[in-house]
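One-letter residues, chain by chain:
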Amino acid sequence: VACMRGDGLLVATGTGSTAYALAAGGPCVSPSVPCTLVVPVSPHTLSCRPLVLPELATIRVEVGEGGGARAVLDGRHAVPLSTGDALVVEPTVHHLPVLTQRRHDGDWYGALTDKLGWSLT
């Protein structure tokens, strides 16, 4: 769709994207919305905007000239990339069970309101 220059590109699901996407200027998306987010991190132009795509979209990210890029997977595993290397993010029919340490009551909107300090007087 586009070529971009910037500090990074975030590709995430609605389930685990809120903090990262919001910090990069992306949208807050309810975990119940089946989508994939593509959020530029500090893009070098204002025309480069976040995208909300269908969850079944296939996303291809190719490293342009200059290289020096790396893919960081879930903030833990860094993989060096060179000019011409590509990452492809594809949907899967397999679901990943998620375990949390805290009890979650499912009130995403309430948690968002509390954490962002919305509606405070």
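Below or above, wherever it landed, is the structure these notes cover.

A short note on the overall build of the chain
Of regular secondary structure, the chain possesses two helices and seven strands. Going residue by residue from the N terminus, the α and β elements of the chain occur as β-α-β-β-β-β-β-β-α. Counting over 121 residues, the chain shows a buried share of 19%. A separation of at least 24 residues holds for 44% of the contacts in the chain among residues at least 6 apart in sequence. For the chain, the accessible surface area stands at approximately 9,600 Å², while carbon and sulfur atoms represent 55% of it.

A closer look at the pairing of strand β5 (residues 69-73)
The side chains of a regular strand alternate, first on one face of the sheet and then on the other. As paired elements, β5 and strand β6 (residues 77-81) share five bridges and run antiparallel to each other. When the sheet's bridge partners are listed, L73 is paired in β6 with H77. Turn length for the β5-β6 hairpin, with the two strands adjacent in sequence and antiparallel, is three residues, and the turn residue D74 shows positive phi of about 55°.

Regarding the environment of C35
As for its placement among the helices and strands, C35 is situated in strand β2 (residues 35-43). C35 sits 19 residues away from P54 along the chain, and the two C-alpha atoms are 4.7 Å apart. Discounting residues that sit within four places of it in the chain, C35 has contacts with A12, T13, G14, V29, V52, L53, P54 and E55.

Comments concerning unusual backbone geometry
If a residue is not glycine, its phi is most likely negative; likewise, a peptide bond is most likely trans. The backbone phi angle of S42 is positive, close to 45°, even though this residue is not glycine. Here S42 is to be found in strand β2. In this structure S42 comes out as partly exposed when scored by relative accessible area, which is 41%.

Here is what the cut-offs are and how they apply
- Residues numbered from 1 in each chain as written.
- Predicted model: local features only at pLDDT ≥ 70, side-chain atom pairs only at ≥ 80, totals over all residues.
- Heavy atoms only, no water.
- Helix = DSSP H or I, 4+ residues; strand = E, 2+ residues; numbered from the N terminus.
- Buried < 20%, exposed > 50% of the residue type's maximum accessible area, 1.4 Å probe, protein only.
- Contact = heavy atoms within 4.5 Å.
- Areas by Shrake-Rupley, 256 points an atom, 1.4 Å probe, with all protein chains shown as cover.
- Pairing = 2+ DSSP bridges.

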